[in-house]
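# Architecture and fold: a report
Spelled out from the first residue to the last, the chains are:
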Amino acid sequence: MTSIAMTVACTKESIDDKVNGLYEKMSQEERIAQLQGIYMTQFFDENDKLDTALCRKLIPNGIGHFSQFALNTRKTADELRDMVAQMQDWLINNTPSGIPALLHEEVLSGIDGYDATVYPQQIGLACSFNPALAEVKTFQTATALRKMGGFQTLSPMVDVVKNPSFNRLEESYGEDAYLSAAMGVAFVKGLQHGNLREGVAACTKHFLGYGGGGDAPEKELMEEILLPHEAIIRTAGSKTVMTGYHAVDGTKCVANKRIQEDILRKYLRYDGIMVSDYGSIEQIDDSLNDVQRAAAAINAGNDVDFPEGNSYKHLQEAIDQGLVSQQTFETAVKRVLRHKAELGLLDSNPKLYESGHITLDTPEERQTAYELATQSVVLLKNDGVLPLCASDDKLKVALVGPNANSMWAMLGDYTYQAMRFFWKQSIEDDQHPKIVNLKMGMEAQKPQGVTLSYSRGCDWTEIVETIVDQSGDPRTAYLKDIQNRMIDSGEEANLDEALKIAAESDVIVAAVGENAILCGENRDRTTLRLPGKQEEFVEKLVATGKPVVLVVFGGRAQVISGLAEKCAAVIQAWYPGEEGGNAVADILYGKVSPSGKLSVSYPAEEIREPICYNTSVEKDSRIAYPFGYGLSYTTFEYSNIMVNGKPASNSQITDDQRMTTADCDARFNISVDVENTGKVDGDEIVQLYVSPDGSNANIRPIQLQGFARVSLKAGEKKTITFGLSPQQLGYYNNGHWSIDAGKYQIKIAASSADIRQQTIVELTGEQHNLDLRTSYFTTVN
C-alpha cells in the first residue's frame with residue numbers, strides 16, 4: 001500500500017475507534033504504564049540479551065516510553081536495533097495488551113548515538129539562514145533513527161533566546177522569533193517526512209519561554225516567544241510539546257494550566273501530547289507530596305512523566321483521593337495511544353525497526369554536515385589577510401590555541417560525545433563518527449605552497465571555571481565530583497613553543513573559545529570573555545607583529561572587544577560538527593567564501609539581560625556586530641526594488657503598493673536585484689525587515705519578516721521576489737491577531753543595521769481581526 005493510501009486509510013475516525021476500543025480493554029495498571037518512561041539498557045545483560053525476569057518484575061503491564069535509548073549505551077546501530085527488537089517482541093507477546101513502546105532520543109545536531117553523524121550545533125546552523133538544507137539534515141536523521149527503532153525525538157529546542165549569556169543559547173536559533181520559527185518548521189518537516197508513519201515525531205521545547213520571555217508582557221509572549229511553537233504546530237504538524245523547568249506567573253510550567261490548556265490547547269488548538277522535561281514534575285512545589293505533584297501535572301495538561309515515571313507511579317493514589325478525575329486521566333492515556341497509532345505502532349503488523357545492516361554517518365550525511373558547517377561560519381572581520389593564499393609559492397601558517405587540535409571545538413552540548421562526558425563521565429573517541437578538528441582540516445586541505453606548524457600554547461582554562469547549576473535537570477545532584485571536572489586535552493600547552501612558531505610564521509591562526517564542559521545545560525561560567533588565559537595568550541601572539549586570525553569556537557558569542565580590534569581577522573565558528581575542521585579550513589584557504597550571518601546580536605560587553613535588534617533602529621553601543629551581519633570574500637550590490645512588478649515609490653504610494661487589511665490571503669510581491677560585484681563566487685543572505693511608517697506602536701521598530709539565501713557567481717545578478725502577507729504586518733491583540741490600516745516600511749538589507757533598499761506599502765480599510773494567523777512566512781522566488 002502506498003503512503004498516500006495508508007494515510008487515507010488511517011483517518012482520524014479509524015484511529016479514534018482503535019484507541020477507544022484498546023483503552024476499554026486495558027487494565028488501569030496498563031493505562032498508567034502508558035504515561036511513564038523507563039531506561040531500556042537496564043534490561044540487558046553484558047551480552048545484550050534481554051532479562052525477561054526483570055521485564056516481568058518492572059514492566060509487567062508494558063511501558064509507554066523508553067528514554068534516551070541510544071545515548072545510554074555505546075552500541076552500534078545494529079546492536080542497538082537488535083536490543084530494540086528483543087524488547088518490542090517481549091512487550092507485544094508478554095504484556096496483556098501487547099502495546100509496543102515509543103523509544104525516544106535527542107536529535108538536536110543528529111542522533112545522540114554511537115557512530116551517528118554530528119551536524120553543526122543549532123545556533124550556528126541558524127546563521128546559515130538555510131531552512132531547505134536544515135530540512136535535509138533532519139530527514140537524514142529521522143531515516144536513520146527509524147531504522148534503529150526510534151519513533152520519538154525530544155527536539156527541536158525553539159526557545160527565543162535574547163540573553164547573550166544564557167548557558168543553553170547554543171541549542172536555540174538565537175534571538176529572533178521569525179528565524180527561529182522558519183528553521184524550526186524545517187527541522188520538524190524533515191523529521192516527520194510529511195507522514196508520521198514514515199518519519200519520526202518531533203517535540204518542540206521548552207514551552208513556554210524557558211530560554212527567556214516566560215514572564216514577558218503578554219504581547220511579547222504571544223507574538224515572539226510563542227511564534228516558533230505556533231508555526232511548527234500549525235504548519236508542520238508537530239504532535240509533541242515539552243514544558244520547561246521554569247515557572248511562568250509563579251507556577252512551574254509542567255503544572256501550569258494557563259500555558260498548557262489556555263494558550264496551547266485552546267488558543268493554538270493543539271491536539272497532541274504534552275511531556276515533562278526530565279524530572280520536572282518532582283520540582284513542582286516542595287510543599288506538595290508525590291501524589292499531589294502528580295495530580296498537579298496531569299490536571300494542568302501534562303500527559304507523560306519523563307524519564308522514569310517517578311511521579312506518575314502515584315497516579316492511582318491521586319485518582320483514589322479525588323485529586324484527579326477519571327476523565328482527565330482517560331484523556332491523557334488516549335492521547336498517548338493516539339500518538340502511537342499515528343506513528344503506526346498499533347498496526348496489526350507494525351514495522352518497528354529495519355532488518356539488515358544499518359549504516360550510520362553515510363557519505364551523504366557527511367556532505368550535508370560539511371555544507372551546513374561552511375554556511376554556519378560567520379566572518380566578523382577581515383583586514384585583507386583572508387583568504388590565506390601562498391605568495392611567491394610559500395606561506396608559513398602557525399596554528400595555535402586550545403581549540404585547534406580538539407574534537408571539543410566541533411561538538412556542542414546535546415551531542416552524543418558531550419552528553420556521555422557530562423552525564424556518564426565517559427570519554428568518547430573522535431572516530432565514531434570521525435570528527436575532523438581544525439588541525440586535521442588545515443593539514444588535509446592545505447593549498448600548494450602553504451606550510452603549517454602547530455603548537456597548542458594555551459589550555460582552555462588552568463583552573464575550574466565551570467559552575468554547575470542544579471535548578472534544571474535534577475539528575476545533576478547524583479553526578480560525582482561534577483563541580484571539579486575539566487576536559488583533558490591530552491597534549492601539552494607549551495607557551496614558549498607556540499610563541500616561537502608564531503614569530504617565525506607569516507600569519508597566525510588562533511583557535512580559541514569554550515568547550516562542552518564550560519557551557520551547556522546545568523553548567524556555566526561567570527563571564528562571557530574568553531576562558532582561562534586565552535585572552536592573554538592572544539595578546540602575546542599579537543605582540544609578535546604577525547597578523548592574527550582569531551577563530552572563536554563555542555555555543556554563544558564571546559566578548560572579544562579590545563582583542564578583535566588587534567586581530568587581522570575574526571571568525572565565529574560556533575560548534576561546527578564532525579566536518580567542522582574541513583569547513584573552517586576551506587574558508588580560511590578561500591576554497592569556500594564565508595556566507596553565514598549572525599542569528600544573535602554579538603555583544604561588545606558583558607550583558608546578562610535580554611537584548612534584541614528589534615527594540616530599536618538606533619545603534620546600540622553594547623553591540624559589536626548586529627543581528628544578520630556577516631562578511632564575505634566578495635561584495636554584493638542591491639538595486640531596483642519593486643512592488644508587484646512596478647517600480648516602488650517612497651514619496652507617492654501607487655495602487656501596486658496598496659492592499660486592504662482584509663486581503664489576508666493576498667501578498668505584496670517585493671522584488672530586488674542582487675549582483676555579485678566581486679571577483680569570486682559567493683552566497684548572499686538577503687533579508688527583509690518591516691518597520692512602522694510613523695507612530696504605529698503596535699509593531700516593533702524593525703522586525704525580520706523574510707530572507708533568502710542566493711548563490712551568485714562573480715558578476716552574476718539575480719532578482720529575488722518576496723511574497724509578504726498582510727498578516728505579517730499584524731500583532732497580538734487581546735486574544736486575536738489584528739491587522740491595522742496604515743503605512744509600513746519594507747527594508748531589504750544585508751543585516752539589521754545595513755539597509756540597502758526600501759519602500760513603503762499601505763493597508764487600507766478597517767482593523768481586521770483573526771482568531772489565529774494562517775500565514776507566517778514570506779514566500780521566496
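For the structure given in this document, a descriptive report is provided here.

The rules behind these values
- Residues numbered from 1 in each chain as written.
- Predicted model: local features only at pLDDT ≥ 70, side-chain atom pairs only at ≥ 80, totals over all residues.
- Heavy atoms only, no water.
- Salt bridge = Lys/Arg side-chain N within 4 Å of Asp/Glu carboxyl O.
- Helix = DSSP H or I, 4+ residues; strand = E, 2+ residues; numbered from the N terminus.
- Buried < 20%, exposed > 50% of the residue type's maximum accessible area, 1.4 Å probe, protein only.
- Pairing = 2+ DSSP bridges.
- Axes fitted to C-alpha atoms, helices over the stretch in contact; angles between N-to-C directions.
- Expected span 1.5 Å × (residues − 1).
- Contact = heavy atoms within 4.5 Å.
- Phe/Tyr/Trp six-rings, centres within 6.5 Å; stacked < 30°, edge-to-face > 60°.
- Lys NZ or Arg CZ within 6 Å of the ring centre and 35° of its normal.
- Polar contact = N/O pair within 3.5 Å; in protein donor to acceptor, adjacent residues only side chain to side chain.

## Examining the pattern of salt bridges
Considering all chains together, one arrives at 51 salt bridges under this definition. Salt-bridge contacts for Asp78 lead to Arg81; the nearest nitrogen and oxygen are separated by 3.7 Å. Of the two residues, Asp78 and Arg81 are both situated in helix α5 (residues 77–94); the distance of 3 residues between them amounts to about one turn of the helix. Per residue, the accessibility class of Asp78 equals that of Arg81, and both read buried. Members of the salt-bridge network, linked through shared partners, are Lys162, Lys219, Glu220, Glu223, Glu224 and Arg700.

## What about the sheet that holds strand β25 (residues 703–712)?
Ordered by their spatial adjacency, 5 strands build an open sheet running β22-β30-β29-β24-β25, and the pairing between neighbours is mixed. The sheet terminates laterally at β22 (658–660) and β25, the two strands that pair on one side only. Ignoring strand direction, the axes of neighbouring strands in this sheet form an average angle of 25°. In this sheet, strand β30 (residues 754–764) lies alongside β22 in parallel orientation, the contact comprising 3 bridges. Across the sheet, the residue bridging to Thr660 is Thr764, located in β30.

## Focus: helix α7 (residues 131–148)
For α7, which comprises 18 residues, the first-to-last C-alpha distance of 26 Å matches the rise-based estimate of 26 Å (1.5 Å per residue) to within 8%. Buried within α7 are the following residues: Leu133, Ala134, Lys137, Thr138, Gln140, Thr141, Ala142, Ala144, Leu145, Arg146 and Met148. Looking at the buried side of α7, the elements it contacts are α5, β3 (102–105), α6 (122–126), β4 (152–153), α8 (177–192) and α15 (363–376). Positioned one or two residues after α7, Gly149 has a phi angle of 110°, which is positive.

## Some points on the packing of aromatic side chains
Per the counting criterion, the structure on display carries 17 aromatic pairs. Geometrically, the ring pair formed by Phe129 and Phe707 is edge-to-face, given 5.1 Å between the ring centres and 90° between the ring planes. Here Phe707 lies in strand β25 and Phe129 lies in the loop between α6 and α7, a separation of 578 residues in the sequence. Here Phe129 and Phe707 have matching classes, each one buried. Ring plane angle 50° and centroid distance 6.4 Å describe the contact between Tyr776 and Phe777, whose orientation is recorded as tilted. Members of the aromatic cluster, joined through ring pairs, are Phe129, Tyr178, Tyr613, Phe627, Tyr689, Phe707, Tyr776 and Phe777. For the cation-ring pair, Arg31 lies above Tyr23, with the distance from its terminal atom to the ring centre recorded as 3.9 Å. Above the plane of the ring of Trp737 lies Arg773, whose end atom (NZ or CZ) is 3.7 Å from the centre.

## Some thoughts on unusual backbone geometry
Along the chain, Phe306 connects to Pro307 via a cis peptide bond; the corresponding omega equals 0°. For Asp361, which is not glycine, the phi dihedral falls at a positive 55°. With a phi angle near 60°, Asn640 is a residue other than glycine that sits in the positive phi range. Considering the arrangement of structural elements, one finds Asn640 in strand β20 (residues 636–643).

## So, the side chain of Arg700
Relative to the helices and strands, Arg700 is located in the loop between β24 (682–692) and β25. A relative accessible area of 17% means that Arg700 is categorised as buried. Reaching out from Arg700, the side chain makes a polar contact with the side chain of Glu224 at a distance of 2.6 Å. When sequence neighbours within four positions are dropped, the list of residues in contact with Arg700 reads Lys219, Glu220, Glu223, Glu224, Asn614, Val690, Ser691 and Pro692.

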